[in-house]
Amino acid sequence: MTVAWLAAGAVLLPVVAQASTAPAKTAAAADPLPGGLGPCVPGSCPDPFPPVGNGGIAGYDNGINVFAGGDFRVRGKAAEAEGRVVVLGSFDMNKSPDGSQVYNVGVAGVGSRVPPPVGSDYLVTGGAVTVATGQRLLAEDGVVRHAGPATGTIVGTSTLDAGAATPYLGLRQQLSDASQCYADTGSGPRPATGTSVNEGGRTLFTGDGSSKLQVFNADFDLVARGGGQQGIEFRGIPAGATVLVNVLGARRTVNTYSGTFDDSDSFNKLRNRLLWNFPDASAVELKGTGQFQGSVLIGNRASETDVTLPGVNGRFFTTGSVTHRSLPTGGGGQEFHAYPFDGDLPTCGTPLPSEGEVKVVKVDDATGAPLPGAVFQLWHEANGVSGLQTSGARPDRRHGAPCTTDAQGVCRATVRAGNSYYWQETRAPAGYDLPEPGVVGPLVLTEAKAREGVSVTVRNKRTPVVPEVKGSLHVHKVDSRTGRGLPRAVVELWRETNGVPGLQTSGRTDTRIGSGCATDARGRCDFGDLKLGSYYVRETVAPEGYRLPRNPVSGPHALTRANADRGVVVRMTNEAGPVKPKK
């Protein structure tokens, strides 16, 4: 099926629309999405996010991945919405009876595998939660927080909270305003920096090769002739640029096979800095067989969006309502996958302020010597709450990637004047303690200070060197009847290291300590300089004239701080056995 579509996509059909004929060289100011939306919010954010898969949990993200200003409906055979889902209206699940009867929120079986933290809100609604009879809404390890009544089966913690959606109510208008601003400067359509051409078999977006913000205006459906699937291709996009595609018109459809699971497609590589903006559409349809890449913003509060793509890989923000479903003829398993948006978008309504440097200098507390190797994260004060908030519903905004101090102990960043910033130390230099709480700021970069910047010095104390406590273990091998010490028994010592009860000497083994030891004339073997932990003694050769015990392993024996000085004594016995005749 995929090969056939790719072959069809290679045929270039006649041009049906073109949003612009020449790139505009106008520079654009840059800003994030409103409300701190878009970036991954620690949690524990992987860098980079992994491709779509079903491996282990790759990290945790406190950000909103799916937002609906109206209602959220699950129909057909749709499968899951990964990440935090916030719905100002109602959540209604009524799937087809001939498919899976579950829908996952928060944690997805297949996706980026970066869910919200365990125990946090996976689904928040301002209205009711309705799950059809015989079906299950799965929010395992998370919370479904609803302002209206909940009916049906919810797996996870269901919490009635009349103010559940209150922290998010302002986002609807902010997103709607931002969507309009991204498409229209107030004096006309936002100038494009590149061309958007529907060639039938594909829509080709060609950038100018240099602008940090690549703007495209597409006033057509992204469909092949006759409404079929087509490819989506970008060219001339410089590394690190944000791509803003304004899809203009009252009713718009995207029908595509582009995008892959394994990030082999060039389309995938734009994902974290690609935003599809539908500012005016009252009806949006996203369909096809591709793993659609990039975040989606739908600005019309009266809009209805229908999503039947097998995968939407990015943030999904609509100020209207959304229906997640499968097609009447075709497979199920439609999924929203949690991926951040880290792009810089047009600033709305204000000129671009001047820039300056914020710097942190890391030094030794006693000597003042610079310390390389400390890791800092810069945060922008964005939520109006005093102090740094790195998680929760409305955190401050993380600015750029973590920075490691150089040989002079310095981390620096160029930022906008007129804002406040915090440096958060996340890892101390080797041999030093991490300060508590590890945050300095706010550092206020005013217009007056933009030229010289602002700087702060952070001192770290050396980690006290504490000698490692070690101990010993003493094996005493004796006759089971007389208690007499038995020489020439051979024993091995093993340390419990694999987390599996009992001794494992093959496969995923515990750790053998040294070589075997033969008991002396008193029947003793001594093992010293041992780390604290649990140990097993295994007898491999019995003393002459004696039998190996049926179970030759003794343990576990715990070597602790309390008994390290005197050591642990292990008494092991052997029964006399038939003596083999001499040849």
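Quick look at the structure, then. Bear in mind that the values here come from a model prediction, so they are computed numbers and not experimental data.

**Looking at the sheet that holds strand β31 (residues 410-416)**
Taken in spatial order, the 3 strands of this open sheet run β31-β28-β34, and their pairing is mixed. Only two strands of the sheet have a single partner each, and these edge strands are β31 and β34 (454-460). Here the strands of the sheet are splayed against their neighbours by 20° on average, with no regard to which way each runs. Pairing analysis gives 7 bridges linking strand β28 (residues 355-364) to β34, with the strands arranged parallel. Across the sheet, residue lysine 362 finds its bridge partner in β34, namely valine 458.

**Observations concerning the pattern of salt bridges**
For the coordinates displayed, the defined rule picks out 25 salt bridges. Linking arginine 412 and glutamate 357 is a salt bridge whose minimum nitrogen-to-oxygen distance equals 2.9 Å. Separated by 55 residues along the polypeptide, arginine 412 in strand β31 and glutamate 357 in strand β28 bring together distant segments of the chain. Classification of glutamate 357 as partly exposed rests on a relative accessible area of 27%.

**A closer look at the environment of aspartate 61**
As for its position among the elements, aspartate 61 is in the loop between β1 (17-18) and β2 (64-68). Taking relative accessible area as the criterion, aspartate 61 reaches 3% and is therefore assigned buried. As a C-alpha pair, aspartate 61 and threonine 308 span 247 residues in sequence and 25 Å in three-dimensional space. Residue contacts for aspartate 61: discarding those within four places in its chain leaves Pro39, Cys40, Val41, Val114, Pro115, Pro116, Pro117 and Arg315.

**Notes on the pairing of strand β18 (residues 251-256)**
When you tally the buried positions in β18, you get 5 out of 6 residues, the bulk of the element. Where β18 and strand β20 (residues 283-288) come together, 6 bridges link them in parallel fashion. Each residue of the ladder has a partner; that of asparagine 255, found in β20, is lysine 287.

**Overview of the packing of aromatic side chains**
Think of a pair of aromatic rings as described by two things: how far the centres are apart, and how the planes are tilted against each other in angle. By the definition in use, this model includes 16 aromatic pairs. Between phenylalanine 205 and phenylalanine 216, the ring centres sit 5.4 Å apart and the planes meet at 65°, which makes this aromatic pair edge-to-face. Residue phenylalanine 205 is found in strand β14 (residues 202-206), and its partner phenylalanine 216 is found in strand β15 (residues 213-218); the two are separated by 11 residues along the sequence. In terms of burial, phenylalanine 205 and phenylalanine 216 fall into one category: buried. When the centroid spacing of 6.3 Å and the interplanar angle of 25° are considered together, the rings of phenylalanine 234 and phenylalanine 267 count as stacked. Of this pair, phenylalanine 234 sits in strand β16 (residues 231-235) while phenylalanine 267 is found in helix α3 (residues 266-269), placing the two residues 33 residues apart along the sequence. Phenylalanine 267 carries the same exposure label as phenylalanine 234, and that label is buried. Pairwise contacts between aromatic rings join Phe205, Phe216, Phe234, Phe267, Trp276 and Phe292 into one cluster. Taking NZ or CZ as reference, arginine 271 lies 3.9 Å from the ring centre of tyrosine 339, over its face.

Cut-offs applied
- Residues numbered from 1 in each chain as written.
- Predicted model: local features only at pLDDT ≥ 70, side-chain atom pairs only at ≥ 80, totals over all residues.
- Heavy atoms only, no water.
- Pairing = 2+ DSSP bridges.
- Helix = DSSP H or I, 4+ residues; strand = E, 2+ residues; numbered from the N terminus.
- Axes fitted to C-alpha atoms, helices over the stretch in contact; angles between N-to-C directions.
- Salt bridge = Lys/Arg side-chain N within 4 Å of Asp/Glu carboxyl O.
- Buried < 20%, exposed > 50% of the residue type's maximum accessible area, 1.4 Å probe, protein only.
- Contact = heavy atoms within 4.5 Å.
- Phe/Tyr/Trp six-rings, centres within 6.5 Å; stacked < 30°, edge-to-face > 60°.
- Lys NZ or Arg CZ within 6 Å of the ring centre and 35° of its normal.

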